[in-house]
Amino acid sequence: ESSLRDSNVRGAHADLRLEFNQELKEARKTYWRLVGVRLLVADKKEEIANNDLNLRSSRRRAGAGVATAADAAQFELQANSFIQDLRNLELQEDVRRNRLSVATGLENHESLVVQKDFPKPDDDGSKLEALSAEKSPELSVFMERENTERIRQSQASRWWHPSVDAYVNYGLPSLSEDYTRAIWRDVQWTIGFKAAFDLSDGLDARRDASASRATTERGLRPNATT
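What counts, and where the lines are drawn
- Residues numbered from 1 in each chain as written.
- Predicted model: local features only at pLDDT ≥ 70, side-chain atom pairs only at ≥ 80, totals over all residues.
- Heavy atoms only, no water.
- Axes fitted to C-alpha atoms, helices over the stretch in contact; angles between N-to-C directions.
- Helix = DSSP H or I, 4+ residues; strand = E, 2+ residues; numbered from the N terminus.
- Parallel < 35°, antiparallel > 145°, perpendicular 65-115°, else oblique.
- Left-handed = near helix turned anticlockwise from the far one by under 90°.
- Nonpolar A, V, L, I, M, F, W, Y, C, P; charged D, E, K, R; others polar.
- Patch = residues over 30% accessible without salt bridge, like charges linked within 9 Å, V, L, I, M, F, W, Y side chains within 5 Å.
- Areas by Shrake-Rupley, 256 points an atom, 1.4 Å probe, with all protein chains shown as cover.
- Salt bridge = Lys/Arg side-chain N within 4 Å of Asp/Glu carboxyl O.
- Buried < 20%, exposed > 50% of the residue type's maximum accessible area, 1.4 Å probe, protein only.

### Let's talk about the packing of helix α1 (residues 2-63) against helix α2 (residues 69-104)
As a packed pair, α1 and α2 sit with axes 8 Å apart at the nearest point and diverge in direction by 165 degrees. Comparing the axis directions of α1 and α2 gives the class roughly antiparallel. Considering only the axes of α1 and α2, their crossing is left-handed. Each residue belonging to the contact of α1 with α2 can be placed in one class, and the counts come to 19 nonpolar, six polar and 14 charged.

### A short note on a nonpolar patch on the surface
A cluster of nonpolar side chains, Val168, Tyr170, Trp189 and Ile191, forms an exposed patch at the surface whose accessible area comes to about 530 Å². Looking at the nonpolar patch, the elements with two or more residues in it are β1 (163-171) and β2 (188-196). Note that Tyr170 resides in strand β1.

### Some details on the pattern of salt bridges
Opposite charge on two side chains permits them to pair, given that their charged atoms come into close proximity. Tallying each qualifying case throughout the model produces nine salt bridges. Between Glu146 and Arg150 there is a salt bridge, with the nearest N and O atoms lying 2.8 Å from each other. Taken together, the residues span about one helical turn, with Glu146 and Arg150 both in helix α3 (residues 137-156) at a distance of four residues. For Glu146, a relative accessible area of 26% corresponds to the partly exposed category. Overlapping salt bridges, with partners in common, bring together Arg38, Glu93 and Arg97 in one network.

Okay, here's the thing in structure tokens:
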């Protein structure tokens, strides 16, 4: 029972580490997506500014009779399309800011400070550390679950072990018909052990041990379907 409880505690800690890493992964993905959207917003604003310059230039050329008004109309249509794209990107940026603030526990998502660009990767990648399979949170969870099931299997397979109780008694002996007050000082010690077998639980225990063994061997594999 003690080993089973210790294994459950370790499994709970492994689940906590796994959940924390998953939440951290989602927060990082949201952050870098937010950086990407901000870059797209900046590019779209630059496109709008360049389109405005072209629109003013085309209007001047049309007024001078050098070009037709169709060029200006084309730039106006592009300006409307660019503005719609910009509003869509700004909405995506606000949504990602909200998600990131929820993931990090911040109340005001507008105060988030985000990088203006993606970091440059290392030249040779020499700073990357080798990942150890034993340090994987997913593997730790499966290993602890496997260990828990093995302990349960061992526990269920020991149904035939007797339960042993020790007892000690100190006091007067049992009363009898010829008991007199002259022996009131007689006391006795009683020490013993009692062993009990519960044979009726044998079949259920064997089934439980078989189920735990099957769970350990098949159900706890990372690629198994549960």
